[in-house]
Amino acid sequence: MKRLSIVVVALLVVGVLLSACGGSAGAAKIKVATDATFPPFETVDEATKQVVGFDVDLIKAIGAKAGFEVEIINSGFDSMLAGVGSCQYEAGIAGITITDERKQQMLFSDPYFAAGQLVIVRKDNSDIVGRESLSGKTVGSQIGTTGAIEVGKIAGAKLKTYDEFNQAFQDLMNGQIDAVIADNVLSLGYIGKSPDKLKAVGDVFTGEDYGIAVCNKNAELQTRINKALADIKADGTLDKLVQKWIVAAQ
Ligand code: ARG
């Protein structure tokens, strides 16, 4: 009897210790920040209020391979980058372009998607034919994004920043601004929803790679993510996600 109760107590202690370590099967949970205003990579599902999209599926598939659980935290784009930079979050996934400037603040996984910037104008506009006609124009983009950085490089263009791309496209359709510069897949989605109001002009004019941002004190997590990402590329999972979220949506 006494021995049995010692065993019971021992099991209870082990149980408490295990659950303190992060729950089921001891898999650690990592905080991954995003900015769920960027369909089809991440957006809030109106019906379920859950964050869904290509990036959410991708980071979960990576976690399943690498042996960690993912807690998605929805913050603004700028605060997501700052939060990964300060290691408040272990990682960030948000269609984040890998840039040399950002590499000073955080680590990046290997690339998982190739993208670039596009100029979008109102359908009835005929004087803007590409980025070369934006001098003297007001151009909207999301604050802190490579789109906003690109507007800043165009001589004579006036940058108007928004917390979300959605607001920039609204202002464009309402005639408040002349153009938007934004990532190609997102932009094609907006054009697809309002083909009578919006159009792209010129070609995709930057070559960018999306990567998963990682706290710069956690090179081990970066390595684990890269291993899992390589598997996901090799076994066709990444292609399936492209089909599901990007090809199917166009
Ligand atoms: N690729 C661009 C960048 O890294 C835009 C990403 C915006 N992502 C988002 N979830 N709002 O700056």
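These numbers were taken from a predicted model, which means no experiment stands behind them. (Residues numbered from 1 in each chain as written. Predicted model: local features only at pLDDT ≥ 70, side-chain atom pairs only at ≥ 80, totals over all residues. Heavy atoms only, no water.)

Structural notes on the overall build of the protein chain
In terms of regular secondary structure, the protein chain is built from nine helices and 15 strands. For the protein chain, the proportion of its 250 residues judged to be buried stands at 45%. Considering only residue pairs separated by 6 or more positions, the protein chain has 69% of its internal contacts joining residues 24 or more positions apart. In the form shown here, the protein chain has an accessible surface area of approximately 12400 Å², with 54% of it arising from carbon and sulfur atoms. (Helix = DSSP H or I, 4+ residues; strand = E, 2+ residues; numbered from the N terminus. Buried < 20%, exposed > 50% of the residue type's maximum accessible area, 1.4 Å probe, protein only. Contact = heavy atoms within 4.5 Å. Areas by Shrake-Rupley, 256 points an atom, 1.4 Å probe, with all protein chains shown as cover.)

Focus on the sheet that holds strand β5 (residues 68–74)
Here we have five strands laid out as an open sheet, ordered β5-β1-β6-β15-β7, and mixed in their pairing. Whereas interior strands pair on both sides, the edge strands pair on one side only; in this sheet they are β5 and β7 (107–108). As defined by bridge partners, strand β6 (residues 91–92) adjoins strand β15 (residues 213–214) across two bridges and the pair is classed as antiparallel. Following the sheet pairing, A91 is matched in β15 by V214. (Pairing = 2+ DSSP bridges.)

Regarding the pairing of strand β10 (residues 138–142)
Within a regular strand, the side chains alternate between the two sheet faces. A large share of β10 lies buried, amounting to four of its five residues. Each parallel crossover has a hand, and the one from β10 via helix α5 (residues 146–152) to strand β11 (residues 158–162) is right-handed. Sheet analysis places β10 next to strand β12 (residues 179–183), joined by two bridges and oriented parallel. Residue pairing in the sheet places G140 in a bridge with V180 of β12. (Right-handed = clockwise from strand over helix to strand, strands pointing away.)

Things to note about the site of the ligand
Around the ligand, a shell composed of 15 residues is seen, among which A94, G95, R102, T146 and D183 lie nearest. Interatomic distance of 3.1 Å between a side-chain N/O atom of E42 and a nitrogen atom of the ligand. In this structure, a nitrogen atom belonging to the ligand sits 2.7 Å away from a side-chain N or O atom of D183. Across the complex, the protein chains shield 100% of the 350 Å² of accessible surface that the ligand would expose by itself. (Near = heavy atom within 4 Å. Polar contact = N/O pair within 3.5 Å; in protein donor to acceptor, adjacent residues only side chain to side chain.)

Considerations on the side chain of S141
Following the sequence through the fold, S141 ends up in strand β10. One polar contact links the side chain of S141 to the main-chain amide nitrogen of A148, over a distance of 3.2 Å. In this structure the side chain of S141 is engaged in a polar contact, spanning 2.8 Å, whose partner is the backbone oxygen of I181. Filtering out sequence-adjacent residues up to four positions away, S141 remains in contact with G147, A148, L159, K160, T161, Y162, F165, A168 and I181.

What to know about the packing of helix α2 (residues 54–66) against helix α8 (residues 219–234)
For any two helices packed against each other, one specifies the crossing angle of their axes together with the interaxial distance. At their nearest, the axes of α2 and α8 sit 9 Å apart, and the two run at 105° to each other. Comparing their axes, α8 and α2 come out roughly perpendicular. Taking contact as the criterion, the partners of L58, A61, I62, K65 and A66 in α2 are, on α8, R224, I225, A228, L229, D231 and I232. Considering only residue class, the contact of α2 with α8 consists of eight nonpolar, no polar and three charged. (Axes fitted to C-alpha atoms, helices over the stretch in contact; angles between N-to-C directions. Parallel < 35°, antiparallel > 145°, perpendicular 65-115°, else oblique. Nonpolar A, V, L, I, M, F, W, Y, C, P; charged D, E, K, R; others polar.)

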